[in-house]
Amino acid sequence: MEHSLRTRIRAGDAQAFAELFQEHAQAVYGYATRVLADPNGAEDVVSLTYLEAWRLRDRLLPDSACPRRDEGTDGEAGDGLRPWLFGIATNVLRNTRRAARRHRAALDRLAQTRRDQATAPDFTEALTGRMEDAERLAAARVALAGLRPREQEVFALCVWSELSYAAAATALGVPVSTVRSRLARARQRLRRLAEAELARRAGHGRRPALEKNSRRPSARGQQPADHFEPFRSNQENHR
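Residues numbered from 1 in each chain as written. Predicted model: local features only at pLDDT ≥ 70, side-chain atom pairs only at ≥ 80, totals over all residues. Heavy atoms only, no water.

1. Brief notes about the packing of helix α7 (residues 149-160) against helix α9 (residues 176-203)
Cut-off, in case you're wondering: What counts as an axis is a line fitted to C-alpha atoms, over the stretch in contact for a helix, and the angles between N-to-C directions run from 0 to 180 degrees. Strands are runs of DSSP state E lasting at least two residues, helices are runs of H or I lasting at least four, and both sets are numbered from the N terminus onward. Small angles under 35 degrees read as roughly parallel and large ones over 145 as roughly antiparallel, with 65 to 115 read as roughly perpendicular and the rest as oblique. Contacts are assigned to residue pairs that have any heavy atoms within 4.5 Å of one another. Just so you know the grouping, Ala, Val, Leu, Ile, Met, Phe, Trp, Tyr, Cys and Pro go in nonpolar, Asp, Glu, Lys and Arg go in charged, and all remaining residues, Gly too, go in polar.
Across the interface, α7 lies against α9 with an axial gap of 9 Å and an inter-helix angle of 100 degrees. The orientation of α7 relative to α9 falls into the category roughly perpendicular. Between α7 and α9, the contacting residues are Arg 150, Glu 151, Val 154, Phe 155, Cys 158 and Val 159 on the first element and Val 179, Arg 182, Leu 183, Arg 185, Ala 186, Arg 189 and Leu 190 on the second. For the contact of α7 with α9, the per-class residue count stands at eight nonpolar, no polar and five charged.

This is how it looks when you write it as structure tokens:
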């Protein structure tokens with residue numbers, strides 16, 4: 001009798017884990033890269049995710065406890081293991097970001113003791129000459145960083161990684177309704193934050209009087225040039 005991949009993983013089959021890695025590692029890497037904006041850090045997240053998956057393999061639900069799925073339903077693998085892996089990856093990312101915050105705080109405390117030697121970094125040259133598309137991308141990154149952690153997680157899972165609402169709910173351990181509401185709030189906040197950041201960037205170099213007293217006129221039926229259309233999830237695009 002041939003056992004399923006899920007059953008073999010629960011039994012500690014090393015070859016099954018190799019198959020699991022080949023099937024889903026790239027998706028986990030893409031998820032981590034978008035959240036961290038750091039390819040090297042994302043590789044560490046993938047490694048830690050699979051180490052945790054091996055350690056927690058006995059907690060993986062057996063086939064009998066999982067709803068039957070058709071191959072490729074909602075763009076997900078038919079083995080149903082991707083939500084489990086993404087749930088582990090989400091916890092790893094939370095721990096990674098907490099560690100990064102503690103590290104930055106330690107560096108800040110160290111810098112305060114050497115204030116006379118500290119120099120503020122100058123990002124002017126890096127920003128000089130950027131085209132409009134680059135400005136919009138930068139504004140989007142600032143906006144994403146401004147989302148609450150729970151909103152970032154659901155946005156990354158549903159929009160970037162194209163998980164269904166049900167799969168994202170499984171990964172996060174929350175109801176589907178919570179995923180929907182968090183994603184809706186994330187999109188609203190993302191729009192506001194991105195447009196505010198674009199306006200801030202556009203305001204650089206303007207005279208204060210003009211910035212204060214003028215409004216951009218727009219042609220009838222035409223959106224302003226800096227209008228930001230938030231990303232949509234894979235399910236919303238197919239409605």
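2. A closer look at a positive patch on the surface
For the record, the criterion: Patch members must show over 30% relative accessible area and no salt bridge, and they are joined within 9 Å when carrying like charges or within 5 Å when they are nonpolar side chains of Val, Leu, Ile, Met, Phe, Trp or Tyr. The Shrake-Rupley method, run with a 1.4 Å probe sphere, supplies the accessible areas, and residue values consider only the shown protein chains as cover. When a carboxyl oxygen of Asp or Glu is within 4 Å of a side-chain nitrogen of Lys or Arg, the pair counts as a salt bridge. The charge count includes Lys and Arg as positive and Asp and Glu as negative, but it does not include His or the ends of the chains. Where a charge sits is defined by one atom per residue type, namely NZ (Lys), CZ (Arg), CG (Asp) or CD (Glu). The rule is simple: take the accessible area with a 1.4 Å probe, protein chains only, and divide by the maximum for that residue type; under 20% is buried, over 50% is exposed, in between is partly exposed.
A contiguous patch of positive charge on the surface is contributed by Arg 98, Arg 101, Arg 102 and Arg 104. Following the sequence through the fold, Arg 98 ends up in helix α4 (residues 82-113). For Arg 98, a relative accessible area of 38% translates into the label partly exposed.

3. Regarding the packing of aromatic side chains
Note the cut-off: Stacked, tilted and edge-to-face pairs are distinguished by plane angle, under 30 degrees for stacked and over 60 for edge-to-face with tilted covering the rest, among Phe, Tyr and Trp rings (Trp via its six-membered ring) whose centres lie within 6.5 Å.
For the structure on display, the rule yields four aromatic pairs. Between Tyr 31 and Phe 86 the ring centres are 5.1 Å apart and the planes differ by 25 degrees, which places this aromatic pair in the stacked class. With Tyr 31 in helix α2 (residues 14-36) and Phe 86 in helix α4, this pair connects stretches of sequence that are 55 residues apart. On the basis of relative accessibility, which here comes to 1%, the residue Phe 86 falls in the buried class. For the pair Phe 155 and Trp 160, a centre-to-centre distance of 5.3 Å together with 85 degrees between the ring planes defines the contact as edge-to-face.

4. With respect to the environment of Tyr 29
Here Tyr 29 lies in helix α2. Relative accessible area serves as the criterion here: at 23%, Tyr 29 is assigned to the partly exposed category. A sequence separation of 11 residues divides Tyr 29 from Asn 40, and the C-alpha atoms of the two residues are 10.0 Å apart. Those residues within four positions of Tyr 29 in sequence are excluded, and the remaining contacts are Pro 39, Ala 42, Glu 43 and Val 46.

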